[in-house]
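The lines below spell out each chain.
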Amino acid sequence: MKYFFEIAIVLILFFSLNACSQTETRKSAIAAATIPASSYPDSSLIIATHTEFTRTHYPERIAEFKKNPLETGDIVFLGNSITEQGGDWGAKVNSTKAKNRGISGDTTDGVLARLAELIYYKPQQVFILIGINDLFREDMTSEKVFNNILKIVHQIYDGSPTTEIFIQSILPTNTVTLKEKILLTNALLTNSEATEPYKLISLHTHFATQDGLMNMELSTDGVHLNENGYAVWAHKIMHLIHE
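Please read these numbers as outputs of a predicted model, since none were measured by experiment. (Residues numbered from 1 in each chain as written. Predicted model: local features only at pLDDT ≥ 70, side-chain atom pairs only at ≥ 80, totals over all residues. Heavy atoms only, no water.)

**Student:** I'm lost on the nonpolar core in this one. Help?
**Tutor:** For soluble globular proteins, the rule of thumb is that nonpolar side chains tend to be buried together. F77, I128 and W233 are the most contacted members of the largest nonpolar core, which has 56 residues in total. In terms of residue count, the dominant contributor to this core is helix α8 (residues 142-159) (7 residues). Apart from residues lying up to four places away in sequence, F77 is in contact with T83, W89, V93, A98, K99, N100, R101, G102, F127, I237 and I241. (Core = buried A, V, L, I, M, F, W, Y, C linked by side-chain atoms within 4.5 Å. Buried < 20%, exposed > 50% of the residue type's maximum accessible area, 1.4 Å probe, protein only. Helix = DSSP H or I, 4+ residues; strand = E, 2+ residues; numbered from the N terminus. Contact = heavy atoms within 4.5 Å.)

**Student:** I keep staring at the side chain of H224 and nothing clicks. Help me out?
**Tutor:** Residue position: H224 is located in the loop between α10 (204-207) and α11 (227-237). We classify H224 as buried; its relative accessible area is 16%. With sequence-adjacent residues up to four places away left out, H224 is seen in contact with S81, I82, Q85, L218 and S219.

**Student:** I keep staring at helix α9 (residues 179-192) and nothing clicks. Help me out?
**Tutor:** An α-helical turn contains 3.6 residues, so any two residues separated by three or four positions project in the same direction. End to end, α9 covers 20 Å across 14 residues, agreeing with the expected 20 Å (1.5 Å per residue, within 8%). Within α9, the full set of buried residues consists of I182, T185, N186, L189 and S192. Taken down its axis, α9 places every buried residue within 135° of arc, on the same side. Exposed residues on α9 whose side chains face more than 90 degrees from its buried face are E180 and N191. The inward-facing, buried residues of α9 contact α7 (132-135), α8, β4 (164-168), β5 (199-201) and α10. (Expected span 1.5 Å × (residues − 1). Arc of directions from axis to C-beta.)

Now the structure itself:
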């Protein structure tokens, strides 16, 4: 009798878990079905400022975003490889609402092309770090990058005025020729904060050495961050996160 009772308990647990799993699957399918197709860039879209790698990786990441869409009230981390390689931002900032919307190699043009999902779901907060891949290009000036970042801010604000927008200053690199372009872009962002609908987070100073280059104790290659670097970043913004 005891044997059959134990079997019954196991079967009840099995079917309960299976039902929960199917419910979650149905919820995901329903959520995906209700998202307008226009909320994501078409897979054939070519961004002129993307490298060959990013032209392949960008649509791959967009496909992942479609499968795992945002939810209203999320906290979105938006950017390039520095954001994408942060992985689980929820664990980093201790929030179940945090979502990673970083794409390796992305540029300000690439971000502008994929804001519809974010605007549709109206996140609670968005933390943006973008621009370094633009600045690596000889044809991109600090002023152009700054203006594109403002376009990103304005599109989010116009489409989701209740979203709190944080712009994070561009991090230093170990490339000496980029130093002045980075500093000028950050200066432009600093000077416009008072008149634009965003709050500036000055990350640059926490990663730069006295000569204005990347502190290699926080980086893997002079551009991207190691775990120490991500810990510094998370510590800097933790108090701003709304759970």
